[in-house]
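Structure assessment
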Amino acid sequence: MNWKTIGLMILSTFAFAIVNTIIKFMDEYSEFQLVFFRSFVSFIITLVQLRLLRVNPLGVNKPILLLRGFSGFVALILMYILIKNVSLGSAVMLQYLSPVFTAIIAVFLLKEKIKFKQWLYLLLCVIGVGILKWGSIGLSFQMILLGLGSAALSGLAYNCVRISKETDHPLVAVFYFPLVATPAALVLTLLLSEWVSPSLKDVGLILILGLFTQLAQVSMTKALHSDKAANVAVFKYLGVVHAFAIGWLIFGEPISIITAIGIGVILTGIILFSNYKKA
């Protein structure tokens with residue numbers, strides 16, 4: 001684990017925290033329309049970047065890239081449903097079980113080896129998440145299932161990004177998410193919900209949403225291209241800390257002593273995992 005990778009993941013998790021905060025504010029829009037807004041801005045930005053770099057936006061490993069786009073899209077829909085129905089910290093807490101799924105899937109897809117001690121450190125992170133749940137507002141079984149589904153699909157998407165590293169530019173992996181999500185979210189919005197025309201103020205929020213999404217996606221993709229998937233993904237747990245802090249400062253969601261202990265356990269797991277070295 002190098003400092004560049006760590007810095008990229010810290011930047012990515014912070015940017016995603018800003019995105020989730022904006023989503024929490026825009027509760028008058030459906031989950032599908034919010035995904036459309038986020039994806040459309042990201043689509044334009046990424047396409048312009050790829051054209052300037054003279055990189056083929058469709059890439060080489062199309063099946064893996066499409067799987068990356070589809071799994072990321074469904075994971076995001078589930079995540080936004082969570083954010084709109086439970087506290088911000090609780091929603092992010094559930095979705096950020098994805099590093100566990102990332103590590104497990106990487107063993108089968110990428111043949112990556114994870115040492116026994118590293119599994120223990122990952123388990124420590126999961127215990128920390130469990131402590132956070134104990135200290136936060138109760139969640140229904142349905143919401144827990146949505147969170148686990150979002151986490152598992154995110155883990156699959158991250159591994160697809162790692163696989164595409166061998167054949168495609170990092171921005172191509174980023175591009176396939178809005179390439180799939182933009183038309184799919186628009187169709188679902190028109191079929192399953194009512195289109196809400198954004199106000200001038202909300203247009204500004206949508207642009208900020210897209211810019212921070214791009215920053216988060218590019219930073220995470222570069223991090224995934226620079227180290228093992230399990231090493232990189234464990235830093236997503238910092239997003240839980242960001243979420244509870246923002247929930248407390250902006251939305252007035254209380255942080256109990258138990259919640260603080262959970263955050264401490266998660267950070268301990270991250271530090272132990274990232275500093276582990278082979279004998």
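Residues numbered from 1 in each chain as written. Predicted model: local features only at pLDDT ≥ 70, side-chain atom pairs only at ≥ 80, totals over all residues. Heavy atoms only, no water.

1. Structural notes on helix α6 (residues 116–135)
The end-to-end C-alpha separation of α6 is 29 Å, in line with the 28 Å expected for 20 residues at 1.5 Å each. Restricting attention to buried positions, one finds in α6 the residues Q118, Y121, L122, C125, G128, V129, I131 and L132. Axial view of α6: buried residues confined to an arc of 165°, hence all on one face. For α6, exposure combined with an orientation more than 90 degrees from the buried face picks out F116 and W134. (Helix = DSSP H or I, 4+ residues; strand = E, 2+ residues; numbered from the N terminus. Expected span 1.5 Å × (residues − 1). Buried < 20%, exposed > 50% of the residue type's maximum accessible area, 1.4 Å probe, protein only. Arc of directions from axis to C-beta.)

2. Comments concerning the packing of aromatic side chains
By the definition in use, this model includes seven aromatic pairs. Taken together, a centroid distance of 5.8 Å and an interplanar angle of 25° make the contact between F36 and F40 stacked. You can see F36 and its partner F40 sitting in helix α2 (residues 31–53), four residues apart, about one turn around the helix. On the basis of relative accessibility, which here comes to 12%, the residue F36 falls in the buried class. Relative to W195, the ring of F37 has its centre 5.9 Å away and its plane inclined at 75°; by these criteria the two rings are edge-to-face. Linking F37 in helix α2 with W195 in the loop between α8 (170–192) and α9 (200–224), this pair joins segments that are 158 residues apart in sequence. Among the aromatic residues, those joined into a ring-pair cluster are Y29, F36, F37, F40 and W195. (Phe/Tyr/Trp six-rings, centres within 6.5 Å; stacked < 30°, edge-to-face > 60°.)

3. Section: unusual backbone geometry
Even without being a glycine, R54 presents a positive backbone phi close to 60°. Assignment of secondary structure puts R54 in the loop between α2 and α3 (62–85).

4. Comments concerning the confidence of the model for the protein
Scored by pLDDT, the protein has a mean of 84; 91% of the residues are at 70 or more. Element-level pLDDT for the protein is lowest in helix α10 (residues 229–233), with a mean of 62, against a maximum mean of 94 in α8. (pLDDT = per-residue confidence, 0-100.)

5. Things to note about the environment of K4
Along the chain, K4 falls in helix α1 (residues 3–25). Residue K4 is classed as exposed on the basis of its relative accessible area of 62%. On a C-alpha basis, the gap between K4 and K222 in space is 9.6 Å, while along the polypeptide they are 218 residues apart.

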